[in-house]
Amino acid sequence: MTKQTKRIKARTGDREASLSFAEAIKAVKENATAKFDESIEIAVNLGVDPRHADQQVRGVVNLPSGTGRDVRVAVFAKDAKAAEALEAGADIVGAEDLYEKINGGFMDFDRVIASPDMMALVGRLGKVLGPRGLMPNPKVGTVTPNVAQAVKDAKGGAVEFRVEKAGIVHGGIGKASFTQEALEANVKAYVDALSKARPAGAKGTYVKKISLSSTMGPGFKIDPASLNA
């Protein structure tokens, strides 16, 4: 409790003000004082109602500076496609054997990619993968004949995003150890991808609020106008 109190007292920056995205990144980095390399997360409140089919927001963004974390990738593929996935750096590759492992409780992966011919098999894992947001989907490039490129993208900084019930999208955009410039590039890319994914049914202000925080640090508000959002 004492350590937590000291950390809270040592916090700097104005948490109530709307900062430029560069100022917010600087404030988050200054307050990421834990003994480990804290993750930096962004939360964006969108002017959509996800209960309506024409207001869904989902996609993928390739963060130019990467994510700073090792993404474990599982791939459903056979024969030549399986070999391509392994060569591209996939952590586990299989077909019926991988299905049996996952159905039996194996979940040691962060992303699932599948070649189109495998989806009849993968679809049977919907109740297992779906609730965890791991079900392959062609809209975000995880169902593709080019499994090798999908693996490289996942390992290199591709991040999926999907709006939640409250109209909020959140995701990791790097580590506290990243440079100011690297985090700025990632924030810009993330918000730009959300803007491009604006659904037809969204009316009025689309990007309403943006905040940035680290794993153990406070959150800071970003003025959407500073990103031309």
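Refer to the preceding data block for the structure.
Residues numbered from 1 in each chain as written. Predicted model: local features only at pLDDT ≥ 70, side-chain atom pairs only at ≥ 80, totals over all residues. Heavy atoms only, no water.

## Here we look at helix H7 (residues 147-156)
Residues separated by three or four positions in an α-helix point in the same direction, a consequence of the helix having 3.6 residues per turn.
1) Next: Buried residues of H7: Val-147, Ala-148, Ala-150, Val-151 and Ala-154, and no others. Looking straight down H7, one finds that the buried residues subtend no more than 165° of arc, so they occupy a single side.
2) Next: On its buried side, H7 packs onto strand S4 (73-76), helix H3 (79-88), strand S6 (111-114) and strand S7 (158-162).
3) Next: Once H7 ends, the next one or two residues include Gly-157, with phi positive near 130°. (Buried < 20%, exposed > 50% of the residue type's maximum accessible area, 1.4 Å probe, protein only. Helix = DSSP H or I, 4+ residues; strand = E, 2+ residues; numbered from the N terminus. Arc of directions from axis to C-beta. Contact = heavy atoms within 4.5 Å.)

## A look at the pattern of salt bridges
Opposite charge on two side chains permits pairing when their charged atoms draw close.
1) Next: A full pass over the atoms with the stated rule returns 9 salt bridges.
2) Next: With its nearest N and O atoms 3.5 Å apart, the salt bridge here joins Arg-69 to Asp-110. Of this pair, Arg-69 sits in the loop between strand S3 (58-62) and S4 while Asp-110 sits in the loop between helix H4 (96-103) and S6, placing them 41 residues apart in sequence.
3) Next: For Arg-69, a relative accessible area of 46% translates into the label partly exposed.
4) Next: The closest approach of N and O atoms between Lys-155 and Asp-70, which form a salt bridge, is 3.7 Å. Of this pair, Lys-155 sits in helix H7 while Asp-70 sits in the loop between S3 and S4; the two residues are 85 residues apart in sequence, bridging distant segments of the chain.
5) Next: Given the relative accessible area of 57%, Asp-70 is considered exposed.
6) Next: Sharing partners across several salt bridges, the network here consists of Arg-69, Arg-72, Asp-108 and Asp-110. (Salt bridge = Lys/Arg side-chain N within 4 Å of Asp/Glu carboxyl O.)

## Some remarks on unusual backbone geometry
1) Next: Backbone geometry at Asp-79 places phi at a positive 50°, although glycine is not the residue there.
2) Next: Inspection of the secondary structure assignment puts Asp-79 in helix H3.

## A word on the packing of aromatic side chains
1) Next: Per the stated rule, a full pass over the model turns up 2 aromatic pairs.
2) Next: Residues Phe-106 and Phe-109 carry aromatic rings whose centres are separated by 5.9 Å and whose planes lie at 50° to one another, so their mutual orientation is tilted.
3) Next: The buried category is assigned to Phe-109, whose relative accessible area is 4%.
4) Next: Ring centres of Phe-161 and Tyr-190 lie 6.1 Å apart, and the angle between their planes is 55°; this geometry places the pair in the tilted category. Highlighted residues: Phe-161 in strand S7 and Tyr-190 in helix H8 (residues 180-196), separated in sequence by 29 residues.
5) Next: With relative accessibility at 4%, the residue Phe-161 sits in the buried group.
6) Next: Among the residues examined, Tyr-190 registers a relative accessible area of 0% and is labelled buried.
7) Next: We note Lys-101 situated over the ring of Phe-106; from NZ or CZ to the ring centre the distance is 4.3 Å. (Phe/Tyr/Trp six-rings, centres within 6.5 Å; stacked < 30°, edge-to-face > 60°. Lys NZ or Arg CZ within 6 Å of the ring centre and 35° of its normal.)

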